[in-house]
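# Structural description and commentary
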Amino acid sequence: MPKVLVVDDEVEITVFLCNFLKRFDIESQKASDPKTALAAFNQFKPDWVFLDIKMPDKDGFELLEEFKKINSKVKAIMITGKDDKESQDKAKGLGACDYIVKPLDLEELHEKIEKHIL
Amino acid sequence: MKKSKSTSSKKKPRHDYRRDLETAAKQMILIRRVDTLIKLILRSIIKNLKVEHAGLLLYEKSKDSYIVTVSRGKGGLKIPTGLTKITKDNTLVKYFTDKQLRIFGEGPLILGKLSSYLNSRTTRASKELRIFLQDLAFQFSLYNAKACIPGFFREELIFILFLGQKVNRKPLNQEELGFLSVLSSDAVMAIQNAWYFQDLDKQLNRNKNLFLQTVMALATAIEAKDKYTSGHTERVSYYSLLLADELRRTNNDLQKDWDKFIQDLKIASLLHDIGKIGLREGVLNKPGFLTDEERSEMQKHPLVGSSILNQVDEFNQPILGVKYHHERYDGEGYPEKLKGEKIPLIAQVIAVADTYDAMVSDRPYRKGMPKDQVIQEIRKNRGRQFSPVTVDAFLSLCKQGKI
């Protein structure tokens, strides 16, 4: 079963998403700042990352680049606050597989987990 | 005797839902903020029904979806505010809004009922209905819900309330479902009420802005005519408000309602010279000294200003600032030679702000005085031209580097 690292600066969101992943028996870890995220990435060695794009210290794109340097095969689903083409294109350019827009439609999230990860 | 004792000890004291509902309804009506209101509703549900979690998807017009506004519960069952949504084409919304599909009747929809209907062999649902109901059950599972309660205002679905399982894992009983139905319709009224208040607030703000913009437009009219004093009005307003803040900090008992005072001061300071609109151009823009006749015409501008503003009810306080900003504390000012504390505070403040700016600013026919010298001059006039409290506030602002 693939492993997922969830990164969002709002702790509550990471808790919720990890809990959601647990329903699929997907093992996950959470991080809410870049330092913890990088440490978790090195230790936990996830196959997937859920990445919030807008974070205060380091944005999701920068973090994804750093993850890719450590493990070029890592796959990502970006979480964005707005439905704009620019960040979606950027996400694709950096090798993210998909993106989800907040507020999330849990049905859509469910579909994307089934489609990509399972 | 013995018998009755044994039955009463078996029976737990019944939960008095009616009283809970009355309390909840009474609290609800007092709250005008929608999110606070929903928090209260959910708290009441979790406390009374002892469910593991509860949340509310509230309709949001701008997104045309139902967004999780508040969710309560332990650990990962709590959904952060605004994180998730369901769109209008979601099966849950369709179920509650389409009478044909609402096969379990109005009011709460219970997962248990839905599942046993789907699993029953005697069910003769069409294939389409079966798929629909299966998807409905799936929607429940996404939110870990055991029950969903719709909130309607007239025909419109305003919210969907979802509940997790009870801590004791028992299904909700008839009485509890009744409690939820009544709570839900109370909640609709309260939310609708809160929305009305929000709209009203918005409208009020819009009017306030319109009013203030009109004042600004009037103020610009003076500046357009008095070419020598460009920016003066705005600066006087700026200094006046600084002075008011300082007075509020140091002499709070001078005013009862400071917020209102500051509102009025803002208007008065912007319009303090509005009366100059009525002056002959030659007098207003004359470089150098005025003749006696010209000066007495010039000195009419506070009265002219006050008679212009007299037309508007809302200006009754600002007028005092306009009319008396050339009065002197020693009674030697104009137009009424008011003395001391007879001069309204609003005018005392503008007097200092106006004089300060006039003295430091350059005019085509003279350079502005150095700031230090102007401060000296104002200090010297404490209790003569100006009221002591306003001069003290002014000097304190200078000391703090704010002026």
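## With respect to the overall build of chain B
Scanning chain B from terminus to terminus reveals 16 helices and 6 strands. Burial analysis of chain B (403 residues in total) assigns 33% to the buried set. Considering only intrachain contacts with a sequence separation of at least 6, the fraction spanning at least 24 residues in chain B is 61%.

## Some thoughts on the sheet that holds strand β1 (residues 3-7) of chain A
Residues and elements named next belong to chain A. Strand order in the open sheet made by the 5 strands is β2-β1-β3-β4-β5, with parallel pairing throughout. Of all the strands in the sheet, the pair left with one neighbour each is β2 (27-31) and β5 (98-101). Averaged over all pairs of adjacent strands, the angle between strand axes in this sheet comes to 20°, irrespective of strand direction. In terms of strand pairing, strand β4 (residues 75-80) meets β5 through 4 bridges, oriented parallel. Residue pairing across strands places T80 opposite V101, the latter belonging to β5. Of the strands in this sheet, β1, β2 and β3 (48-52) are in contact with helix α1 (residues 11-22), which crosses β2 at around 175°.

## So, the environment of E156 of chain B
The topology assignment puts E156 of chain B in strand β6 (residues 156-163). Note: C-alpha distance between E156 of chain B and Y59 of chain B (97 residues apart in sequence) is 9.8 Å.

## Points about the pairing of strand β2 (residues 65-73) of chain B
Looking along a regular strand, one sees side chains alternate from face to face of the sheet. Residue and element names in this part refer to chain B. By the criterion of burial, β2 is predominantly enclosed, with 7 of the 9 residues buried. As judged from the 8 bridges shared by strand β1 (residues 53-60) and β2, these two strands associate in the antiparallel manner. Bridging from a neighbouring strand, A54 pairs with R72 of β2. What sits between the antiparallel neighbours β1 and β2 is a turn of 4 residues, in which D64 has the positive phi angle 50°. Pairing geometry for β2 and strand β3 (residues 84-87), over 3 bridges, is antiparallel. Paired with I67 across the bridge in β3 is K85.

## Thoughts on the sheet that holds β3 of chain B
Read from one edge to the other, the open sheet built from 7 strands follows the order β6(A)-β3(B)-β2(B)-β1(B)-β6(B)-β5(B)-β4(B), with strand pairing classed as mixed. The two strands at the open ends of the sheet, each matched to only one other strand, are β6 (104-105) of chain A together with β4 (109-110) of chain B. Pairing geometry for strand β5 (residues 147-153) of chain B and β6 of chain B, over 7 bridges, is antiparallel. The residue of β6 of chain B that forms the bridge with I149 of chain B is L161 of chain B.

## Observations regarding the nonpolar core
Formed by 78 residues in total, the largest nonpolar core has its most connected members in L51 of chain A together with C148 of chain B. Filtering out sequence-adjacent residues up to four positions away, L51 of chain A remains in contact with V7, G60, L63, L64, A76, M78 and I79 of chain A. Of all hydrophobic cores here, the second largest spans 36 residues; its members include L247, I274, Y324 and A351 of chain B.

## Let's talk about the packing of helix α9 (residues 258-271) of chain B against helix α14 (residues 345-360) of chain B
Two measures define how a pair of helices packs: the angle their axes make with one another and the distance between the axes. Residue and element names in this part refer to chain B. At a minimum axis distance of 10 Å, the contact between α9 and α14 shows a crossing angle of 45°. In this view, α9 runs oblique relative to α14, as classed from their interaxial angle. When you trace α9 past α14, the crossing you get is right-handed. Within the contact between the two elements, α9 uses D264, L265, A268 and S269 and α14 uses I346, V349, I350 and A353.

## Focus on helix α6 (residues 127-142) of chain B
Residues and elements named next belong to chain B. In this model α6 runs 23 Å from its N-terminal to its C-terminal C-alpha over 16 residues, within 8% of the 22 Å that 1.5 Å per residue would give. Burial in α6 covers these residues: L133, L136, Q139 and F140. Angularly, the buried residues of α6 cover 105° about the axis, an arc narrow enough to put them on a single face. Seen from the buried face of α6, the exposed residues on the opposite side, beyond 90 degrees, are K127, E128, I131, F138 and S141. Its buried side turned inward, α6 meets α4 (91-97), α5 (111-119) and β5. Two residues or fewer past α6, N144 is found with a positive phi of approximately 55°.

Analysis parameters
Residues numbered from 1 in each chain as written. Chains lettered and ligands numbered in written order. Predicted model: local features only at pLDDT ≥ 70, side-chain atom pairs only at ≥ 80, totals over all residues. Helix = DSSP H or I, 4+ residues; strand = E, 2+ residues; numbered from the N terminus. Buried ≥ 20, exposed ≤ 12 C-beta atoms within 10 Å, placed from the backbone. Contact = placed C-beta atoms within 7 Å. Pairing = 2+ DSSP bridges. Axes fitted to C-alpha atoms, helices over the stretch in contact; angles between N-to-C directions. Core = buried A, V, L, I, M, F, W, Y, C linked by C-beta atoms within 7 Å. Parallel < 35°, antiparallel > 145°, perpendicular 65-115°, else oblique. Left-handed = near helix turned anticlockwise from the far one by under 90°. Expected span 1.5 Å × (residues − 1). Arc of directions from axis to C-beta.

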